[in-house]
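Chain by chain, the residues:
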Amino acid sequence: MIAFLRRRPGLLPLLLLAPAIAWLVAFYVYPAIQMLQASLWSGTLETGFAFSWANAATYPEALGRYSDQFLRSILYAAVSTLVCLALAFPLAYTIAYRAGRWRTILLFIVIAPFFTSFLLRVLAWKTVLGDDGFLLGPLKAIGVLPEEFRILATPVAVIFGISYNFFPFMVLPIYVSLEKIDRRLVEAAKDLYAGPARAFQRITLPLALPGVFAGSLLVFIPAMGDFVNAELLGSVQTRLIGNVIQSRFLVNNDYPTAAALSFMLMAGILAAVFIYARVLGTDELESGIG
Amino acid sequence: MLRWLGRNALRAYTGLALIYLLLPIFIVALFSFNDPVGKTNYTWVGFTLDHWGNLFAIPGLLDSVIVSIRIALISTLIATTLGTLAALALVRYQFRGRPATSLFIFLPLATPEIILGASLLTLFVAIGQPPFFPLNEFTILIAHITFNISYVIVTVRARLSGFDRRLEEASADLGADGWQTFWRVTFPLILPGIAAAGLLAFSLSIDDFVITNFTAGRTTTFPMFVWGSARIGVPPQVNAIGTIFFVVAVSAVAVGSFLQRRRA
């Protein structure tokens with residue numbers, strides 16, 4: 001075999017790639033096709049499912065029935081992305097330019113949450129934000145907040161949870177693109193009589209855009225699919241499309257509706273990414289990913 | 001003046017941000033020492049070491065941890081092997097379709113977990129027979145390998161791109177054949193990258209809930225155990241296990257970076 005490869009060196013990369021690509025085709029691409037097919041099924045798990053193009057009516061039906069949850073997902077994901085952006089930019093800026101020898105330890109703290117279980121982190125916020133928890137309890141005791149004030153089981157709690165959990169995905173790409181900026185450009189701007197604010201606005205911010213773009217996608221995409229934060233921190237009024245997909249699949253075994261919703265969710269995300277890329281320019285998209 | 005204000009505001013803000021990041025980790029650890037009344041463990045009652053003393057007194061907890069570790073080990077081994085081979089191909093060789101291949105490998109990372117999990121569930125239901133259905137540990141394993149492959153490829157590729165090809169040329173000049181060059185020169189140089197990817201894959205697998213939720217059936221991993229007990233109240237022992245995972249992961253990263261610094 002080695003002798004054969006020596007005669008045909010072009011085959012070696014293909015051989016190296018083959019197992020991973022074959023795996024992804026079998027368990028990433030094929031399941032997607034299978035799910036498209038399942039969205040056109042009718043029947044139940046007990047009686048078996050039958051495929052028919054006529055079942056395409058599942059799509060408009062599902063969209064009409066769960067439009068509230070779809071819109072709520074888009075709203076929560078968008079707000080969480082903005083919250084993350086606002087919170088992450090100053091932190092990434094500090095780590096990139098002001099941290100000095102603390103840089104490594106700060107970067108480590110940014111990713112530290114990933115070393116604790118995701119579900120336990122969400123439950124920890126349930127403890128902190130609880131109606132009489134560490135945060136609200138003392139404020140209620142001294143009368144700053146009324147007794148019935150609550151954060152848990154409100155949209156604020158869900159958006160807070162989503163923002164917390166995907167926050168590092170926003171900090172890291174912004175940090176990377178800030179760190180790559182040649183600081184002499186800022187000095188040049190100052191030599192040309194730009195004040196610090198103007199230098200920031202005209203040099204630092206535009207050059208950090210690829211990181212902002214990548215970070216926004218890394219927060220927005222998982223946020224659109226969230227159901228854990230909505231389930232553990234929210235209430236029936238904060239159910240997201242992820243909760244619907246999860247319960248249709250796993251509780252009701254309503255595979256056709258769940259598959260149709262999954263497809264529309266994916267299509268919605270792709271559309272949002274496309275629009276965002278158009279607004280910011282595709283150059284940012286490529287350098288943000290690459 | 002403005003500058004001074006800006007600098008100190010940033011400093012204060014950074015402090016707050018760090019507290020925000022670390023607070024849940026601290027809470028998880030703190031509540032493993034709590035002595036709750038009843039089943040819920042959301043309010044602080046009093047300090048006790050009891051739960052650390054009988055970590056596995058909760059039925060099913062130990063089993064779930066063992067299942068999680070087993071799945072994480074096997075999925076890491078397979079995904080790291082497949083992913084490293086693919087990363088080598090992508091970095092070392094120019095071939096037609098390379099950009100398309102890179103994009104394809106990136107796609108699973110850009111897909112929400114819920115959709116990855118849901119589509120695998122549909123596949124397994126459609127197959128409808130063992131070993132894929134009913135869902136079991138094997139189907140969780142397939143799911144974890146699937147999402148880990150892309151993470152491994154991206155991580156190893158990033159580490160490989162700074163690789164100095166002249167070292168391999170030097171090896172060939174000194175009479176080593178391709179196989180010897182690979183094992184004596186290339187492999188030791190890319191090993192830290194492979195180790196980093198393996199560590200990432202392991203920690204993603206052991207903590208995965210969303211995809212596992214769709215592919216587990218009746219199998220209970222540690223995150224599934226947490227999810228199941230969240231409705232009735234998470235016992236402090238679960239916090240203790242979470243804390244142990246955290247300490248082990250941080251130590252692994254610290255040892256890894258120490259070893260790498262010593263090599264450099």
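On a predicted model such as this, the values are computed, not experimentally measured, just so you know.

Here we come to the interface of chain A and chain B. Contacts between chain A and chain B engage 60 residues on the former and 58 residues on the latter. Of all the secondary structure elements, the ones that give two or more residues to the side of chain A that touches chain B are α2 (11-38), α4 (67-98), α5 (103-111), α6 (118-129), α10 (196-224), α11 (228-233), α12 (241-250) and α13 (255-280) of chain A. Ranked by residues supplied to the side of chain A that touches chain B, first place goes to α2 of chain A with 16 residues. When its residues are assigned to classes, the side of chain A that touches chain B shows 46 nonpolar, 11 polar and 3 charged.

How large an interface is tends to be reported as the accessible area lost when its parts come together. Each assigned domain of chain B is listed with its residue range as follows: domain 1 (2-50) and domain 2 (59-234). One C-alpha centre belongs to domain 1 of chain B, the other to domain 2 of chain B; they are set 32 Å apart.

We now examine the packing of helix α9 (residues 183-191) of chain A against α10 of chain A. All names here are of chain A. Taken N-terminus to C-terminus, the directions of α9 and α10 make an angle of 145 degrees; their axes are 10 Å apart at the nearest point. As for the relative orientation of α9 and α10, their crossing is right-handed in sense. Across the interface between the two elements, L185, V186, A189 and K190 of α9 pack against A199, R202, I203 and T204 of α10. Classifying every residue of the contact of α9 with α10 by side-chain character gives 5 nonpolar, 1 polar and 2 charged.

For the rest of this paragraph, the subject is the confidence of the model for chain B. Here chain B averages 91 in pLDDT, and 98% of its residues register 70 or above. Summarising per-element confidence for chain B, the mean pLDDT is lowest in helix α7 (residues 166-173) of chain B (87) and highest in helix α9 (residues 210-215) of chain B (97).

On to helix α10 (residues 222-230) of chain B, then. The buried fraction of α10 of chain B amounts to 7 of the 9 residues, a majority that puts the element mostly inside the structure. Looking at α10 of chain B, one finds that the buried residues are F222, P223, M224, F225, V226, W227 and S229 of chain B.

Moving on, we get to unusual backbone geometry. Across the chain, the bulk of peptide bonds are trans and the bulk of non-glycine residues have phi less than zero. Cis geometry marks the peptide bond from P130 of chain B to P131 of chain B; its omega dihedral reads 5 degrees. Summarising the element assignment, P131 of chain B is placed in the loop between α5 (113-127) and α6 (137-160). For the bond from F133 of chain B to P134 of chain B, the omega torsion is 0 degrees, close enough to zero to count as cis. Inspection of the secondary structure puts P134 of chain B in the loop between α5 and α6. Phi is positive for Y193 of chain A, which is not a glycine, with a value near 70 degrees. With respect to the secondary-structure elements, Y193 of chain A resides in the loop between α9 and α10. In this structure, N253 of chain A takes a positive phi of about 50 degrees despite not being glycine.

What follows deals with the nonpolar core. Counting 138 residues, the largest nonpolar core has A92, M170 and I174 of chain A together with A86 of chain B as the members making the most contacts within it. The contacts of A92 of chain A, once residues within four sequence positions are left out, are V171, I174, Y175 and L178 of chain A.

Residue and element names in this part refer to chain A. Judged from the 4 bridges that link them, strand β1 (residues 41-44) and strand β2 (residues 48-51) form a sheet pairing that is antiparallel. When the sheet's bridge partners are listed, G43 is paired in β2 with F49. Taking the residues that link successive antiparallel strands as the turn, the β1-β2 hairpin has 3 residues.

We now examine helix α4 (residues 98-110) of chain B. Residues separated by three or four positions in an α-helix point in the same direction, a consequence of the helix having 3.6 residues per turn. Look at α4 of chain B: 19 Å from first C-alpha to last across 13 residues, which is about the 18 Å you get at 1.5 Å a residue. Among all positions of α4 of chain B, only T101, I105 and P108 of chain B are buried. Considered in projection along α4 of chain B, the buried side chains sweep an arc of 50 degrees and stay on one side of the axis. Seen from the buried face of α4 of chain B, the exposed residues on the opposite side, beyond 90 degrees, are P99, A100 and L103 of chain B. Buried residues belonging to α4 of chain B abut α2 of chain A together with α3 (61-92), α5 and α6 of chain B.

The next point concerns the packing of α13 of chain A against α5 of chain B. One way to put it is that α13 of chain A packs onto α5 of chain B with a least axis distance of 10 Å and a crossing angle of 145 degrees. As for how α13 of chain A packs across α5 of chain B, the hand of that crossing is left-handed. For the pair α13 of chain A and α5 of chain B, contact is made by Y255, A258, A259, S262, L265 and M266 of chain A and by I115, A118, T122 and V125 of chain B, respectively. Its residues placed into classes, the contact of α13 of chain A with α5 of chain B shows 8 nonpolar, 2 polar and no charged.

This paragraph deals with the environment of G43 of chain A. Residue and element names in this part refer to chain A. Its place among the elements puts G43 in strand β1. Taking the C-alpha atoms as reference points, G43 and I109, separated by 66 residues in sequence, lie 50 Å from one another. Each residue touching G43, except ones within four places of it in the same chain, is listed here: G48, F49 and A50.

What counts as what
- Residues numbered from 1 in each chain as written.
- Chains lettered and ligands numbered in written order.
- Predicted model: local features only at pLDDT ≥ 70, side-chain atom pairs only at ≥ 80, totals over all residues.
- Contact = placed C-beta atoms within 7 Å.
- Helix = DSSP H or I, 4+ residues; strand = E, 2+ residues; numbered from the N terminus.
- Nonpolar A, V, L, I, M, F, W, Y, C, P; charged D, E, K, R; others polar.
- Domains from an automatic or database assignment.
- Axes fitted to C-alpha atoms, helices over the stretch in contact; angles between N-to-C directions.
- Left-handed = near helix turned anticlockwise from the far one by under 90°.
- pLDDT = per-residue confidence, 0-100.
- Buried ≥ 20, exposed ≤ 12 C-beta atoms within 10 Å, placed from the backbone.
- Core = buried A, V, L, I, M, F, W, Y, C linked by C-beta atoms within 7 Å.
- Pairing = 2+ DSSP bridges.
- Expected span 1.5 Å × (residues − 1).
- Arc of directions from axis to C-beta.

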